[in-house]
Amino acid sequence: NEEASTRGEKISLNRAIAIIGAGNMGTSLLRGILNAKLAPQNKIIASGTHSAKLEKFSSKWKINHTLDNAEAAQFADIVMLCVKPYTIGKVLDEIKIALREDQLLISIAAGVTIESMQHRIGKNNPVVRAMPNIASTVDEGATAVSFGRFCNEEHQRIAISIFEAVGEVVVVDEHQLDAVTG
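Residues numbered from 1 in each chain as written. Predicted model: local features only at pLDDT ≥ 70, side-chain atom pairs only at ≥ 80, totals over all residues. Heavy atoms only, no water.

Enquirer: Hey, could you run me through the environment of G26 in this one?
Expert: Secondary-structure assignment places G26 in helix α1 (residues 24–35). Since its relative accessible area comes to 1%, G26 is described here as buried. In contact with G26, other than residues within four places in its own chain, are I19, G21 and C82. (Helix = DSSP H or I, 4+ residues; strand = E, 2+ residues; numbered from the N terminus. Buried < 20%, exposed > 50% of the residue type's maximum accessible area, 1.4 Å probe, protein only. Contact = heavy atoms within 4.5 Å.)

Structure (structure tokens):
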């Protein structure tokens, strides 16, 4: 069900997506995913910590929601970690039991390495680190992405298509991510 893509072409991932962290960047990525029709609304779930905010978010975008990060992760083929760096360890601890090794993890937590995430979950999941800039919130962003050792070409295409939905994408080695963001 997946079609290869370059920017501007129609693509459908047809995968279940969990957006863990429904803040500004999580919202922007959700809007980009929906606008680009990468996944249908019924295949998207968002999790967060504030019930009222999450219900409003879910109602606006017509997606599923939960306060339980593990529930969101269990639902998904693609787990978007849209949380602050100081929160990611706690979130990974919450979801690691629910994770299957075939799930793609995509993190936007600055400064948190792929290796440290792999170690924290204790599984061989494909992990993508991405550094979207603030212009991504208005679909004019630039995102640097780096792929972990368990990512194959399909995982790379998926991650690139998600971030192309909110702007331009450049692939870099992980050690270059902080320099690119700076």
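Anyway, onward from the coordinates.
Enquirer: Honestly, the nonpolar core in this entry has me stumped. Any pointers?
Expert: When a protein is soluble and globular, its nonpolar side chains tend to lie buried together. The biggest cluster of nonpolar side chains holds 34 residues, and the ones touching the most others in it are L29, I44, I78, M80, I106, I162 and F163. Counting 21 residues, the second-largest nonpolar core is a separate cluster that includes V91, I95, V112 and M117. (Core = buried A, V, L, I, M, F, W, Y, C linked by side-chain atoms within 4.5 Å.)

Enquirer: How should helix α5 (residues 114–121) be read in this particular structure?
Expert: Spacing of three or four residues puts side chains on the same side of an α-helix, whose turn is 3.6 residues. Within α5 the residues assigned to the buried category are I114, M117, Q118 and I121. For α5, the buried positions fall inside an angular range of 100° around the axis, keeping them on one side. Of the exposed residues in α5, the ones pointing more than 90 degrees away from its buried face are E115 and H119. Contacts made by the buried residues of α5 are with α4 (85–95), β5 (104–107), β6 (127–132) and β7 (141–147). (Arc of directions from axis to C-beta.)

Enquirer: Which parts of the structure should I look at to understand the pattern of salt bridges?
Expert: Close approach of charged atoms allows side chains with opposite charge to pair. Counting across every chain of the model gives 7 salt bridges. Between K96 and D93 there is a salt bridge, and its shortest N-O distance comes to 3.8 Å. Exposure remark for K96: the relative accessible area of 28% places this residue in the partly exposed category. When its relative accessible area of 34% is taken as the criterion, D93 is described as partly exposed. Residues participating in the shared-partner salt-bridge network are D77, R100 and D102. (Salt bridge = Lys/Arg side-chain N within 4 Å of Asp/Glu carboxyl O.)

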